[in-house]
Amino acid sequence: MPSVILKGHKEGYEFILKDVSSFNEIKKEIDEILKRVQNEKTSKGDKLTFALNTGNRLLNQEQRTEIEEIFENYPRFSIRRLNADVLSKKSFLEFLDNRTIHLCCEIIRNGQIKEMNGDVLFCGSVHKGGILKATGSIFVLGSVEGVIHAGAKNDALAVVCGNMAHAQQVRIADLVEVVSETDYEDMQKLIYVNDLHVLDTAEVTELKTIRPKVFTQNGGLI
């Protein structure tokens, strides 16, 4: 039974690596297949790309380097992408972290920056000069006199929900709005990036319509 299966696609070839086979056997078969493809007259001179599907096997950096070294012997060929059906523990924890709503009840004082992954339910206090920054959306039930920054890794789909009437700034992704006393009424508001890539406001009850994924992900939190 082969350890490596070669499939052809419009965008190039795909190697399916059997996760039950030894890595040495996989390397050997990859080299044999590349040698055979290189010698085919019908494809001589063509530049071909290969995707590697490792199934339930995760290749470490050393193994990736060894496969790359095999490809270096065949200048016509290159690796297009590497796919796996499983995640490393680190990647899985990061995946969960970015999709979990985190409770924060801290006091963020002048000069302090609190950075968090994923969505945040904030029940604390941001003093003037303090910054609360999250990669996801921020739902404010506490008080804000400083800066709120949602979508900190350039996620323009993130939102800010809460009373921002006394904040210094509201930021979403790369957009910044300096808040004056007349910008927001002293009540809960939804702040989001509209289709013109400008910060806009709406009633919190419109979250389900404006950002259905955010609403569903957080279970209609606010």
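For the structure itself, consult the block above.
Throughout this description, residue numbers start from 1 for each chain and increase along the sequence as written. It should be noted that, the model being predicted, local features are given only for residues of pLDDT at least 70 and side-chain atom pairs only at 80 or more, the latter also being counted only at that level, while totals for whole chains, interfaces and linings use all residues. Excluded from the side-chain calculation are hydrogens and water; included are all heavy atoms of the structure.

### Observations concerning the overall build of the protein chain
Note the threshold: The helix and strand labels rest on DSSP assignments: H or I over at least four residues marks a helix, E over at least two residues marks a strand, and numbering proceeds from the N terminus. When a residue's accessible area, from a 1.4 Å probe over protein chains only, is under 20% of the maximum for its type it is buried; when over 50% it is exposed; and in between it is partly exposed. Contacts are assigned to residue pairs with any non-hydrogen atoms lying within 4.5 Å of each other. The Shrake-Rupley method, run with a 1.4 Å probe sphere, supplies the accessible areas, and residue values consider only the shown protein chains as cover.
Across its full length, the protein chain holds 5 helices and 18 strands. Residue burial in the protein chain is summarised as follows: out of 222 residues, 41% are buried. Within the protein chain, residue pairs in contact and separated by at least 24 positions form 35% of the contacts whose partners lie at least 6 positions apart. Approximately 12800 Å² of the protein chain is accessible, and the part contributed by carbon and sulfur atoms is 50%.

### Description of the side chain of S137
Mapping S137 onto the fold places it in the loop between β10 (131–134) and β11 (138–140). S137 has contacts with G118, D119, V120, A150, A158, V159 and V214, leaving out every residue within four places of it along the chain.

### Describing the sheet that holds strand β16 (residues 175–178)
Short version of the rule: If DSSP finds at least two bridges between two strands, the strands pair. In this description, a line fitted to the C-alpha atoms serves as the axis of each element, helices being fitted only across the stretch in contact, and the angle between N-to-C directions of two axes falls anywhere from 0 to 180 degrees.
Strands sit in the order β7-β10-β13-β15-β16 across an open sheet of 5 strands; the sheet is mixed. Strand pairing shows two members of the sheet lacking a second neighbour, β7 (113–116) and β16, which therefore form its edges. Averaged over all pairs of adjacent strands, the angle between their axes in this sheet comes to 10°, without regard to strand direction.

### Details of the pattern of salt bridges
Which entries qualify depends on this criterion: In what follows, salt bridge is the name for a side-chain nitrogen of Lys or Arg lying within 4 Å of a carboxyl oxygen of Asp or Glu.
All chains considered together, the criterion is met by 3 salt bridges. The shortest N-O distance in the salt bridge between E66 and K27 comes to 2.6 Å. Of this pair, E66 sits in helix α2 (residues 61–72) while K27 sits in helix α1 (residues 23–38), and the two are 39 residues apart along the sequence. Its salt-bridge partner being K114, residue E106 comes within 3.0 Å of it at the nearest N-O pair. Overall, E106 belongs to the partly exposed group, its relative accessible area being 38%. Taking the relative accessible area as the measure of exposure, K114 reaches 23% and is therefore partly exposed.

### Remarks on unusual backbone geometry
A positive phi angle, near 65°, is found at N154, a position not held by glycine. For N154, the position within the fold is in the loop between β13 (147–150) and β14 (160–162). With a relative accessible area of 55%, N154 lands in the exposed category. The phi dihedral of H197 is positive, around 60°, even though this residue is not glycine. By secondary structure assignment, the location of H197 is in the loop between β17 (189–193) and β18 (199–202).

### Concerning the sheet that holds strand β5 (residues 101–104)
Taken in spatial order, the 6 strands of this open sheet run β5-β8-β11-β14-β17-β18, and their pairing is mixed. Single-partner strands in this sheet number two, and they are β5 and β18. Within this sheet the neighbouring strands show an average axis-to-axis angle of 20°, counted without direction. Alignment of β5 against strand β8 (residues 119–122), held across 4 bridges, turns out to be parallel. The residue of β8 that forms the bridge with C104 is F122.

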